[in-house]
There are 2 protein chains.
Amino acid sequence: MRKTTDDITDLVQIGQVAQTLGVNPKTVRYYEEIKLIPEAPRNNAGYRLYDQAAFDRLSFILRARNLDFSLDDIGEILALREDGEAPCLYVTELVDRRISDIDTRIEGLRQLRHELEDIREEARSIPREDILLNDCICHLIENEALVARDPLKEKD
Amino acid sequence: MRKTTDDITDLVQIGQVAQTLGVNPKTVRYYEEIKLIPEAPRNNAGYRLYDQAAFDRLSFILRARNLDFSLDDIGEILALREDGEAPCLYVTELVDRRISDIDTRIEGLRQLRHELEDIREEARSIPREDILLNDCICHLIENEALVARDPLKEKD
DNA sequence: CTTGACATTCCAGTAGATGGAAACTATACA
DNA sequence: TGTATAGTTTCCATCTACTGGAATGTCAAG
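Bear in mind the structure is a predicted one, so any value in this text is a computation, not a measurement. (Residues numbered from 1 in each chain as written. Chains lettered and ligands numbered in written order. Predicted model: local features only at pLDDT ≥ 70, side-chain atom pairs only at ≥ 80, totals over all residues. Heavy atoms only, no water.)

(A) Layout of the overall build of chain A. From N to C terminus, chain A includes six helices and two strands. Across chain A, helices and strands are ordered from the amino to the carboxyl terminus as β-α-α-β-α-α-α-α. Across the 156 residues in chain A, those meeting the buried criterion constitute 40%. Taking the intrachain contacts of chain A between residues at least 6 apart in sequence as the baseline, contacts between residues at least 24 apart amount to 45%. Element-wise, carbon and sulfur atoms account for 47% of the exposed surface of chain A, whose accessible area totals about 9,500 Å². (Helix = DSSP H or I, 4+ residues; strand = E, 2+ residues; numbered from the N terminus. Buried < 20%, exposed > 50% of the residue type's maximum accessible area, 1.4 Å probe, protein only. Contact = heavy atoms within 4.5 Å. Areas by Shrake-Rupley, 256 points an atom, 1.4 Å probe, with all protein chains shown as cover.)

(B) Region of the structure containing the protein's contact with DNA strand D. Around DNA strand D, 19 residues are found, and the nearest of them are A:Lys26, A:Thr27, A:Tyr31, B:Gly15 and B:Tyr47. At 3.2 Å, a side-chain N or O of A:Tyr30 approaches a base nitrogen of DNA strand D. Counting only elements with at least two residues in the surface near DNA strand D, the list comes to α2 (25-33) and α4 (71-82) of chain A together with α1 (14-21) of chain B. Top contributing element to the surface near DNA strand D by residue count: α2(A), with four residues. Across the surface near DNA strand D, the residue classes tally to seven nonpolar, six polar and six charged. (Near = heavy atom within 4 Å. Polar contact = N/O pair within 3.5 Å; in protein donor to acceptor, adjacent residues only side chain to side chain. Nonpolar A, V, L, I, M, F, W, Y, C, P; charged D, E, K, R; others polar.)

(C) Layout of the protein's contact with DNA strand C. The local shell around DNA strand C holds 18 residues, among which A:Gly15, A:Arg29, B:Lys26, B:Thr27 and B:Tyr31 are the closest. Near-protein atoms of DNA strand C (within 4 Å) split between backbone and bases, with sugar and phosphate holding 70%. One of the side-chain nitrogen or oxygen atoms of B:Tyr31 is found 2.7 Å away from a phosphate oxygen of DNA strand C. B:Tyr47 is positioned such that a nitrogen or oxygen atom in its side chain is 3.4 Å from a sugar or linking oxygen of DNA strand C. Counting residues per element, the ones that place at least two in the surface near DNA strand C are α1 (14-21) of chain A together with α2 (25-33) of chain B. Per-element tally for the surface near DNA strand C: the top contributor is α2(B), with four residues. In terms of residue class, the surface near DNA strand C is made up of seven nonpolar, six polar and five charged.

(D) Highlighting the packing of aromatic side chains. Residues and elements named next belong to chain A. Under the defined criterion, the tally for this structure stands at two aromatic pairs over all chains. For the ring pair Tyr30 and Tyr31, a centre distance of 6.1 Å and an interplane angle of 45° mean the geometry is tilted. Of the residues examined, Tyr30 reaches a relative accessible area of 40% and is grouped as partly exposed. Here Tyr31 falls in the buried class, since its relative accessible area comes to 5%. (Phe/Tyr/Trp six-rings, centres within 6.5 Å; stacked < 30°, edge-to-face > 60°.)

(E) Main features of the packing of helix α5 (residues 88-125) of chain A against helix α5 (residues 88-125) of chain B. Put simply, α5(A) and α5(B) touch, their axes get as near as 9 Å, and they point 160° apart. Here α5(B) runs roughly antiparallel to α5(A), going by the angle between their axes. Crossing angle aside, the handedness with which α5(A) passes α5(B) is left-handed. When its residues are assigned to classes, the contact of α5(A) with α5(B) shows 18 nonpolar, two polar and 16 charged. (Axes fitted to C-alpha atoms, helices over the stretch in contact; angles between N-to-C directions. Parallel < 35°, antiparallel > 145°, perpendicular 65-115°, else oblique. Left-handed = near helix turned anticlockwise from the far one by under 90°.)

(F) The nonpolar core, seen in detail. A:Leu58, A:Ile61, A:Phe69, A:Leu116, B:Phe69, B:Leu116 and B:Ile141 are the most contacted members of the largest nonpolar core, which has 65 residues in total. When neighbours within four sequence positions are excluded, A:Leu58 is seen to be in contact with A:Val17, A:Leu21, A:Val28, A:Tyr31 and A:Ile37. (Core = buried A, V, L, I, M, F, W, Y, C linked by side-chain atoms within 4.5 Å.)

(G) Molecular detail of the pattern of salt bridges. This model, assessed by the stated rule, comprises 19 salt bridges over all chains. One salt bridge connects A:Arg113 with B:Asp103, and the closest N-O pair in it is separated by 2.5 Å. Note that A:Arg113 is positioned in helix α5 and B:Asp103 in helix α5, a pairing that runs across two chains. Relative accessible area serves as the criterion here: at 24%, A:Arg113 is assigned to the partly exposed category. In this structure, B:Asp68 and B:Arg98 form a salt bridge, with 2.8 Å as the shortest nitrogen-oxygen distance. You can see B:Asp68 sitting in the loop between α3 (52-66) and α4 (71-82) and its partner B:Arg98 sitting in helix α5, a full 30 residues away along the chain. What makes B:Asp68 partly exposed here is its relative accessible area of 30%. (Salt bridge = Lys/Arg side-chain N within 4 Å of Asp/Glu carboxyl O.)

(H) Structural view of unusual backbone geometry. Positioned with a positive phi, B:Lys35 is a non-glycine residue whose angle comes to about 65°. With a phi close to 70°, B:Asp68 is a non-glycine residue in the positive phi region.

(I) Fine view of α3(B). Residue and element names in this part refer to chain B. Over its 15 residues, α3 runs 21 Å from end to end, which matches the ideal 21 Å to within 8%, given 1.5 Å per residue. Regarding α3, its N-cap is Asp51, as a side-chain oxygen of that residue lies 3.2 Å from the backbone nitrogen of Ala53 further along. Just downstream of α3, Asp68 is the residue with a positive phi angle, here 70°. (Expected span 1.5 Å × (residues − 1).)

(J) Main features of the confidence of the model for chain A. Residues and elements named next belong to chain A. Residues of chain A with pLDDT of at least 70 account for 74%, and the chain-wide mean is 81. Taken together, the stretch residues 1-8 has pLDDT below 50 and engages in eleven contacts with residues farther than four places along the chain or on a different chain. Between residues 145-149, whose pLDDT stays under 50, and residues either more than four places distant or in other chains, the model counts eight contacts. (pLDDT = per-residue confidence, 0-100.)

Here's what the structure looks like:
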């Protein structure tokens, strides 16, 4: 007994596809709903059935998601491919943009981490008797550099 | 003519508060809607009016948001303060958790960046004649390590 | 015949806002 | 007095990428 591996008529249900790809079946239905994947054909019971092509497309989508591409971007890529164009050029542009986004994000997180470290330091130096003073909400956050100007404190 | 700066009866409208703090007025209304700030009193026209205390609270919230605290967390902090407790201890715990989250996130981004760099490299080495081959959606993403097992390709 | 594991649809909710529409108010200017 | 402009109000919708839950249907095994 052997499954005819190359037989494209092999069909599997949503649960198996989802489990194999490590996602929630709801995610797969959701992708269909937003037309990222075509409507899956159904069996007599109304269950969705997936063939190799459907599986591959889904698999591609998830791999792209792992690379943090948005569903919109992925849709673009798939659409290009369907028009017979190789989306690779478009993808490299996306990749370049994503890399630059990531650099920005990392820098932002570094900065944020630094500020939080400062707060952590500060926490060790606040006099116990100050901690319950009622003139602020929380020394730790309050003491951070105040950027906003206060419209109620403007003179003249 | 001088504004009596210390007079806490000075009141400003939402637009001025928002502009001064550098946020959208909608954000301020939103915070009221989710009860992060108390309902602002209104003038005859039904316009919201903000006093010093309201401004300070809002300002605190935004500073905490800048530190990437969730609105839920910020609500907790404010609630503690209202109960007369100094939230500093709670805040340090939050801070510790956030720092650890950030480290995780940065590491994830670094990893992601690395993968995207690989794709970028790959893009330079794909033979022009391969680019339009129809057996894949996009070489660049396709060539990435495939993690999922394919249920349609299982033998035996 | 029932139990359990699947599947279906539909509705709602998540976080943190933001956009837009329709209506009202306030102020300045001619 | 009229009107133009700007600010405000409420309400509803939208964004991202799903996920949870309810009510119902299907299927195979024991």
